[in-house]
Amino acid sequence: MSNAADQSEETPVIELKDVRVHFKARAGSLFRPKIVKAVDGVDFSVRRGETIGIVGESGCGKSTMASVLVGLQAPTSGQRLFRGRPLGPRAAERRAFGRAVTMVFQDASTALNPRMTVHDILVDPLRVHGVGDTASRTRRVHELLELVGLPSSAAEVSPTQISGGQRQRVAIARALALEPEVVVADEPTSALDVSVRAQVLNLLSDLKSRLNLGMVFISHDIQTVRYVSDRICVMNGGRIVEEGPAQQVFDSPADAYTRTLLGAAPSLLHLAPEEDRGTHELRTKENA
Ligand SMILES: Nc1ncnc2c1ncn2[C@@H]1O[C@H](COP(=O)(O)OP(=O)(O)O)[C@@H](O)[C@H]1O
Ligand SMILES: [Mg+2]
């Protein structure tokens, strides 16, 4: 498809340079507006074939950063580069970006239209980008379903008729429809039952290697990011306070905040009351 193949592996697909996103908070007064520095001077890059975990407590700016990465939020200052260049105003360029960088959200039950069938949900991006005809789009839908481990019959149902894990698989399939270079997944397993979390994590990690995707994997839970990430960025107060190979960040965290986060991680998990059901149900604290 694109020129991805001849693009140097060294050129990041997306790059952020000293990006800031500041919001006017409601709490401020007319004369002294309070500014929320959701993202406050972030440098970041992601290439094909690598998974970067972004981890930090609720409110540290992860989702705002994700929105900047996929172009849903313009930075207050700083730059976002696509394949090494700022994105120009040309429609073709913006379409290329829209194909190359896609997103998976936390809650598939709100991200997917309940009035559409799974088939229509998966065809939608192909239609919007004018890819293929009716027959080839339907073939692609079945390919995508197979890719994410759903049966062909899933095409005929609505997202309300399937489980949360299956819905998230549909959301992942939709994100893959246009053969993206980078997928940004914001808390993709946080809304799921613990029993299916690992399956969805494994699926994402498997797809990343099979499709040579770049993946940005965001979670408030450091243990979730640990096993799927090549590199980890720890965020606190809108900044990346530590960055490095996953192993290194875990084994010898340089930053005091990272050490706190690592120390705090087990306490984010607590056992549900029904311990005697055999499977210990672990719940993580809900991320606001
Ligand atoms: N649209 C907005 N307007 C005002 N404040 C916002 C907006 N979006 C996010 N914020 C604030 O920015 C900070 C970071 O939020 P967010 O990026 O959602 O964090 P996270 O995803 O890490 O939980 C929070 O203090 C949040 O309240
Ligand atoms: Mg968030």
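Conventions adopted
Residues numbered from 1 in each chain as written. Chains lettered and ligands numbered in written order. Predicted model: local features only at pLDDT ≥ 70, side-chain atom pairs only at ≥ 80, totals over all residues. Pairing = 2+ DSSP bridges. Helix = DSSP H or I, 4+ residues; strand = E, 2+ residues; numbered from the N terminus. Buried ≥ 20, exposed ≤ 12 C-beta atoms within 10 Å, placed from the backbone. Contact = placed C-beta atoms within 7 Å. Near = placed C-beta within 6 Å. Nonpolar A, V, L, I, M, F, W, Y, C, P; charged D, E, K, R; others polar. Axes fitted to C-alpha atoms, helices over the stretch in contact; angles between N-to-C directions. Core = buried A, V, L, I, M, F, W, Y, C linked by C-beta atoms within 7 Å. Left-handed = near helix turned anticlockwise from the far one by under 90°. Expected span 1.5 Å × (residues − 1). Arc of directions from axis to C-beta.

Caption draft 1: Quick peek at the sheet that holds strand 5 (residues 85-86). Spatially, 4 strands are ordered 2-1-4-5 in an open sheet, and the strand pairing comes out antiparallel. Looking at strand neighbours, the two that pair on one side only are strand 2 (34-46) and strand 5, the edges of this open sheet.

Caption draft 2: Summary view of the environment of Ser229. Of note, Ser229 is situated in the loop between helix 8 (222-226) and strand 9 (231-236). Owing to 26 C-beta atoms within 10 Å, Ser229 belongs among the buried residues under this scheme. Through-space distance from the C-alpha of Ser229 to that of Met215 is 8.7 Å; in sequence the pair is 14 residues apart. Setting aside residues up to four positions removed in sequence, Ser229 forms contacts with Thr51, Ile52, Gly53, Phe217 and Ala246.

Caption draft 3: Examining the site of ligand 1 more closely. Around ligand 1 sit Phe23, Ala25, Val36, Ala38, Gly56, Ser58, Gly59, Cys60, Gly61, Lys62, Ser63 and Thr64, and those are all the residues in its vicinity. Broken down by secondary-structure element, the contributors of at least two residues to the shell around ligand 1 are strand 1 (14-25), strand 2 and helix 1 (62-70). By residue number, the principal contributor to the shell around ligand 1 is helix 1, which donates 3 residues. Broken down by class, the residue content of the shell around ligand 1 amounts to 5 nonpolar, 6 polar and 1 charged.

Caption draft 4: Spatial organisation of the sheet that holds strand 7 (residues 182-186). Pairing within the open sheet is mixed, and its 6 strands lie in the order 6-7-8-3-9-10. Strand pairing shows two members of the sheet lacking a second neighbour, strand 6 (101-104) and strand 10 (239-245), which therefore form its edges. Shown here is a sheet whose adjacent strand axes are inclined to one another by a mean of 20 degrees, direction ignored. In this structure, strand 3 (residues 51-55) lies alongside strand 8 (residues 214-219), joined through 5 bridges in parallel fashion. Of the residues in strand 8, the one forming a bridge with Ile54 is Ile218. Against the sheet, helix 6 (residues 164-176) makes contact with strand 6 and strand 7, and its axis sits at roughly 175 degrees relative to strand 6, the strand it touches most.

Caption draft 5: Inspection of the nonpolar core at higher detail. One finds Ala173, Val182, Val184, Ala185 and Val216 to be the most contacted residues of the largest nonpolar core, which totals 68 residues. Looking at which element gives the most residues to this core, the answer is helix 6, with 6 residues.

Caption draft 6: Focus on the packing of helix 4 (residues 118-128) against helix 5 (residues 134-147). Contact geometry for helix 4 and helix 5: axes closest at 9 Å, N-to-C directions at 115 degrees. Crossing geometry of helix 4 relative to helix 5 is assigned as right-handed. In this structure, helix 4 contributes His119, Leu122, Val123 and Leu126 to the contact, and helix 5 contributes Arg137, Arg140, Val141 and Leu144. Its residues assigned to classes, the contact of helix 4 with helix 5 comprises 5 nonpolar, 1 polar and 2 charged.

Caption draft 7: Structural view of helix 5. Between its first and last C-alpha atoms helix 5 spans 20 Å; for 14 residues at 1.5 Å apiece the expected length is 20 Å, and the two agree. Within helix 5, burial applies to Arg140, Val141, Leu144 and Leu145. In a view along the axis of helix 5, the buried residues occupy a sector of 140 degrees, so they form one face of it. Exposed side chains of helix 5 directed beyond 90 degrees from the buried face belong to Ala135, Ser136, Arg139 and Glu146. In this structure, the buried residues of helix 5 make contact with helix 4 and helix 6. Immediately beyond the C-terminal end of helix 5, within one or two residues, lies Gly149, with a positive phi of roughly 75 degrees.

Caption draft 8: Just the pairing of strand 4 (residues 77-82), in detail. Taken together, the 5 bridges between strand 1 and strand 4 define a ladder with antiparallel strand orientation. Across the sheet, the residue bridging to Glu15 is Leu81, located in strand 4. Pairing of strand 4 with strand 5, which is carried by 2 bridges, proceeds in the antiparallel orientation. Note on strand 5: the bridge partner recorded for Phe82 is Arg85. Hairpin remark: strand 4 followed by strand 5, antiparallel, with 2 residues in the connecting loop; positive phi at Arg83, about 50 degrees.

Caption draft 9: Seen up close, unusual backbone geometry. Here the phi dihedral of Arg83 falls at roughly 50 degrees; this positive angle occurs in a residue that is not glycine. If you trace the backbone, Arg83 turns up in the loop between strand 4 and strand 5. By the C-beta count within 10 Å, which is 20 here, Arg83 ends up buried. In the Ramachandran plot, Glu187 falls in the positive-phi region, its phi being about 50 degrees despite a non-glycine side chain. Topologically, Glu187 is positioned in the loop between strand 7 and helix 7 (194-210).

Remember, this is a structural readout, not a statement about activity or role.
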